[in-house]
Structures are given as C-alpha cells and as structure tokens.
Amino acid sequence: MGASDPHFFVCRTMLARPFILLLSLLALTASTPTFAQLPPPVVRALQAAQIPLDKVAVIVQPVDSATPTLAHNAEMVMNPASVMKLLTTYAALNLLGPAHTWQTTILAEQPVERGTLPGNLYLKGSGDPRFTVEHLWLLLRQLRTRGVDRIAGDIVLDRSVFASMTFDPAAFDNKPLRAYNVGPNGLLIDFQALRFTLLTTDGQARAWLESPSAGLIVDDRLQTMNGPCPGDWRDRIALALIPDGSSRRLEIRGSYAVQCGERTVNLAPLSADAHASGLILALWQELGGRIDGQVRPGQTPATAVALVRHESAALGEVVRDINKYSNNVMARQLFLTLGNDGAPASNERATRRIIDWLRTRRLDFPELVIDNGSGLSRSERISAGNMNRLLLDAWRSPVMPEFIASLPLAGIDGTMKKRLNGDAASGRAHIKTGTLNGVRTAAGYVLDANGRRHALTFFINDPRAQAGGEAIDALLNWLADSR
C-alpha cells in the first residue's frame, strides 16, 4: 500500500483518530483546575467553608521523589503567615549552626574597690532571643558573689548589636499590649513582657503581677463578668500606664469571667527602657545590691572589661521555642542575628544574607518578600511550591534532625497539641501553622501508613481563611492514612 493509495489515507485517518482524541482529552485536562486532584475530604471541607478554589495553594511531594504527587496553584504568590518562620529557622540552623549561642555580658571600666564598683556598669546584649528574668537574676547574682555591693554610677543598657530602628507595637493590629507585638531588641529582657495571673476570689476578679518591676504600682480595677469564659478574654483586659510622682501606676481595667478560672497572660505595657529598668532594679535590690545612679541606654566603651557573662542555650534548642510555640519576637531576634555581619544588624542586611544563602543552595525564589522573618506581616510573600522546595532541601541537609524536631507534632505538643488528637495524623505530622486575618497556612512533614515521609504546604489567602482549618486537617489525615 503506497502513500498515493486512497486506502492508505483512510487507514491513516482511522489510526489518527484515537491519537487526536487523546490530544483533545489532554488539552481538556490541562484546562481543568488541578483542584479536582485534591482528595475528596479536602474538597468537601473547602466547599463547606465557602473558600474559592483560586484562593488555595497545595503541594505534596514525597521526600524521596523528584516530583510532587499533588499540586494546586503551587506557583501562586501568597502570604505564608507564621509558616515564614520555617525559612528563618532553617537559614539560621544552616548558616550559624545548631550549636550557635548568644552572650550577654556585664562589663566595667574600673575594678571593684571594697565592695563598690566606681563608675558605670555596662550590660551588653548580643540579640539573645531568650534572655529571661531567671538568666538576668543569675547574672546579677554572679556579680554579687564577686564582691559588688554598690554601683557608684549608672547601669548602661547596650543594645548596639542591632541597628537603631523605629518600631510601633500598634502598627500591625492596633493591639500594642499583646506580647507578640513586642519589637526586636539587641538586649531583649524577658520578652519585654509582664506576666499577670488572673483569677477570681470570693466572686471578685483579680489580677496579680508576677514579674518584678521596681517603682511600678499596680492599680487593679478589673471587673467580674458572669457567664462562660469568652474566647477573646485576653482582649478584654486593658492597661493604662500613669505617671505617679517618682513611681509609675499601672491601671488594670476590663472584665474577667468567673468561669475562666485561673489563667496567665503576658502583656507589654512598658517601653524597652522602662521594662529593663524596673526589672534590673527590682532584682538588684532583692539580691541586696545598691546603686547610686540610674538604668539608662548607652554604649559600652572600648576600654571596658568583662566581669561576668551569660551564655544562651544553643540555637538547636532556641528554634524549638520559635517553631513549636510560634514566638514572633524570638523569630525577629533570630532574623536580625543573621544580619549581624560586623555592622549593627538590620532587616535589610538579614534579608540580603538569606537571599544570598538561598542562591548558594540553588533555591531561586523570585517572588520572595521578607519583612521581619516572623510571618507577623501583611507584606511577606512566597509561593507554596517554593516553601515546599525549602522543606525538601532541609530534609537533605545536615541540620534536618534539629529542624524537623522544632516543628509542632500533631496531637502532641506546641501549637498542634489540641489538633488531630486521636486522628490518623496524630503523632505522624510535624507541622508549622500560621494564622492572620484572611490567612491560614500549614507546612511540614507527614509520615504515611507505609512509613514514607512527605513534605507538604497548604496556603489559604481569603477572607474566610479561618474556616479552612478543617481542610488542612483533612489533608494531613488523608496523607497519614494513605498507602
């Protein structure tokens, strides 16, 4: 049969029809939203929440595979909320090493004379994300055991490791008292927050200040509220700082329900200087020390000599607090630490270092926008696909054990402690979550029923995003139960 034979053309046409049909089906499939590939439980949950398909991005990929098994809008640029902490903590573990520590040092220019330290005492910070009241107490106690009874000058707070910056704690959500809105600080002490215990005694609501703060008088005017404990009970507490001669009066107003029982809340009504001053003076006095001057900001002279120092926990431990409990101010501290390359650290320096580091790992994220590295931002952006590429790169890195161990374990601890209890994903999913108004996200690793681990990222950016939690949980359970 030759090419000119009419039977050849008939046969060729008949043979071509299935091929043409196949091409048509492929074209139709390509034009169909990949949302149809999502597992039915996830689809149902998203539909029940009335979340549009184009507001969701999902990607799942086995850590031992070169291609994803599930991808929907993976290249869409979205707000990751607190999932951005994964970038900050992985970069820090890789660049600084899990054994990296911070040192907070007490220095002086003159030696102690008969229990008196002439001149000023300098407290120099290094950006430690977790320098707590206990660490400060131990540092001051070391000073006392070395014979310092009296400081003749001032206690100078040196925060120069970080560049000076303007920070408004009310800028993000107009809740300046909330501890998550505390700004970064080269000498951050006890997260710049005061710890209060709220309870009711004899039917009357009470607020007790647990944190020591010299010169701070608490005026408790909290009102008792009947009925169940509301979900926004923290937002019903109001604080007002009022000058009162040489002291400061902190008015506690608002309402607290009897059925809330005893709870603790960390609030940040004081400036960095006022918080540090009150805490240092209170602890120094409790230890029997005296001071002639005041506590004030400043810089350490080059001639000052170290007297005592506190070394922080290792970074491998610090990132657990950041990721498991989504601590924003700790994430900001860590982010700025990455920008400390000999000059005072800044957001710009930290961002540049992370982007350079990504390029060395062949991770080109052109859409990436970093604001402060914590995810508490309206401007930070990344695609779900690139977040998942980061997770896969972390899996192959030497710091993989420290990184994965820092993520909340579903149904077990951290921000996932009360989610998926008893479900298939409980104990099998290491997941970092993120929540902002209009944003709900999750990313991490899930171990399936066959013992195969998958990296996954799930982003929702929509006004109804808060209702998307069930869809995220449905994907985690579906993946953990899959074979």
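Being a predicted model, the structure only gives us computed values, none of them experimental.

Definitions and limits used
Residues numbered from 1 in each chain as written. Predicted model: local features only at pLDDT ≥ 70, side-chain atom pairs only at ≥ 80, totals over all residues. Heavy atoms only, no water. Core = buried A, V, L, I, M, F, W, Y, C linked by side-chain atoms within 4.5 Å. Buried < 20%, exposed > 50% of the residue type's maximum accessible area, 1.4 Å probe, protein only. Contact = heavy atoms within 4.5 Å. 1 Å grid on protein atoms, 1.4 Å probe; cavity = no way out; pocket = protein on both sides within 12 Å on 5 of 7 lines; lining within 4 Å. Points joined across faces, edges and corners; volume = space filled by probe spheres on them. Helix = DSSP H or I, 4+ residues; strand = E, 2+ residues; numbered from the N terminus. Nonpolar A, V, L, I, M, F, W, Y, C, P; charged D, E, K, R; others polar. Phe/Tyr/Trp six-rings, centres within 6.5 Å; stacked < 30°, edge-to-face > 60°. Expected span 1.5 Å × (residues − 1). Pairing = 2+ DSSP bridges. Salt bridge = Lys/Arg side-chain N within 4 Å of Asp/Glu carboxyl O.

Asks: Teacher, can you tell me more about the nonpolar core here?
Replies: Most often, soluble globular proteins keep nonpolar side chains buried together rather than apart. If you look at the biggest cluster of nonpolar residues, it comprises 46 residues, and the most contacted ones within it are Leu87, Ile354, Leu358, Leu390, Phe403 and Tyr445. Setting aside its immediate chain neighbours within four residues, Leu358 contacts Leu87, Leu363, Phe365, Leu368 and Leu390. With 30 residues, the next largest nonpolar core counts Val43, Val58, Ile431 and Val446 among its residues.

Asks: It is not clear to me how the layout of surface pockets should be interpreted in this structure. Could you clarify?
Replies: Over the atoms a probe the size of a water molecule is rolled, and this reveals where empty space is left. In this model, the largest pocket occupies a volume close to 1,700 Å³. As for the largest pocket, its lining consists of 45 residues, and the residues nearest its centre are Arg178, Tyr180, Tyr325, Ser326 and Asn328. The set of elements that each furnish at least two residues to the lining of the largest pocket consists of helix H4 (133-145), strand S15 (263-267), helix H7 (328-337) and strand S20 (429-436). It is S20 that contributes the most residues to the lining of the largest pocket, five residues altogether. Considered class by class, the residues forming the lining of the largest pocket number 15 nonpolar, 16 polar and 14 charged. By volume, the second largest pocket is sized at about 560 Å³. Broken down by secondary-structure element, the contributors of at least two residues to the lining of the second largest pocket are strand S8 (155-158) and helix H5 (272-286). Residue composition of the lining of the second largest pocket, by class: 15 nonpolar, ten polar and three charged.

Asks: Is there a simple way to think about the packing of aromatic side chains in this case?
Replies: One pair of aromatic rings is described through two measures. These are the centre distance and the angle between the planes. As enumerated under the stated definition, the model contains four aromatic pairs in all. Taking 5.1 Å as the distance between ring centres and 75 degrees as the angle between the ring planes, the aromatic pair formed by Tyr90 and Trp357 counts as edge-to-face. Highlighted residues: Tyr90 in helix H3 (residues 85-96) and Trp357 in helix H8 (residues 347-360), separated in sequence by 267 residues. For the pair Tyr90 and Trp357, a shared accessibility class is recorded, and that class is buried. Ring geometry for Trp233 and Tyr256: centres 6.2 Å apart, planes at 75 degrees, overall edge-to-face. On the criterion of sequence distance, the pair formed by Trp233 in the loop between strand S12 (223-225) and strand S13 (237-244) and Tyr256 in strand S14 (residues 247-257) is long-range, its members being 23 residues apart. Among the aromatic residues, those joined into a cluster by ring pairs are Tyr90, Trp357 and Phe403.

Asks: Where do I start with helix H11 (residues 469-481) in this structure?
Replies: Residue pairs spaced three or four apart in an α-helix point in one direction, given the helix's 3.6 residues per turn. For H11, built from 13 residues, the straight-helix expectation of 18 Å at 1.5 Å per residue is met to within 8% by its first-to-last C-alpha distance of 18 Å. Every buried residue belonging to H11 is among Gly469, Ala471, Ile472, Asp473, Ala474, Leu475, Leu476, Asn477, Leu479 and Ala480, and all of these are buried. On its buried face, H11 is in contact with helix H2 (40-48), strand S1 (56-62), strand S2 (70-72), S20, strand S21 (439-447) and strand S22 (453-461).

Asks: I keep staring at the sheet that holds strand S7 (residues 150-151) and nothing clicks. Help me out?
Replies: Sheet strands associate in pairs through backbone hydrogen bonding, adopting either a parallel or an antiparallel arrangement. In space, the three strands of this open sheet follow the order S5-S7-S16, with parallel pairing throughout. In this open sheet, the two edge strands, each paired with only one partner strand, are strand S5 (116-117) and strand S16 (290-291). As defined by bridge partners, S7 adjoins S16 across two bridges and the pair is classed as parallel. Across the sheet, residue Ile151 finds its bridge partner in S16, namely Ile291.

Asks: Looking at this structure, how should I read the pairing of S20?
Replies: Both faces of the sheet carry side chains from a regular strand, because those side chains alternate between them. Across the eight residues of S20, seven count as buried, placing the element largely inside the fold. Relative to S21, S20 runs antiparallel, the two sharing eight bridges. Paired with Ile431 across the two strands is Gly444, which belongs to S21. What sits between S20 and S21 in their antiparallel hairpin is a turn of two residues, with Gly438 showing a positive phi close to 85 degrees.

Asks: What exactly am I supposed to notice about the pattern of salt bridges here?
Replies: Side-chain pairing between opposite charges can occur once the charged atoms of the two side chains come close. What the rule picks out here adds up to 20 salt bridges. For Arg130, the salt bridge is made with Glu317, and the minimal N-O distance between the two is 2.9 Å. Taken together, the residues span a long stretch of sequence, with Arg130 in the loop between strand S6 (121-124) and H4 and Glu317 in helix H6 (residues 315-324) at a distance of 187 residues. Using a relative accessible area of 41% as the deciding quantity, one classes Glu317 as partly exposed. The shortest N-O distance in the salt bridge between Asp356 and Arg359 comes to 3.9 Å.

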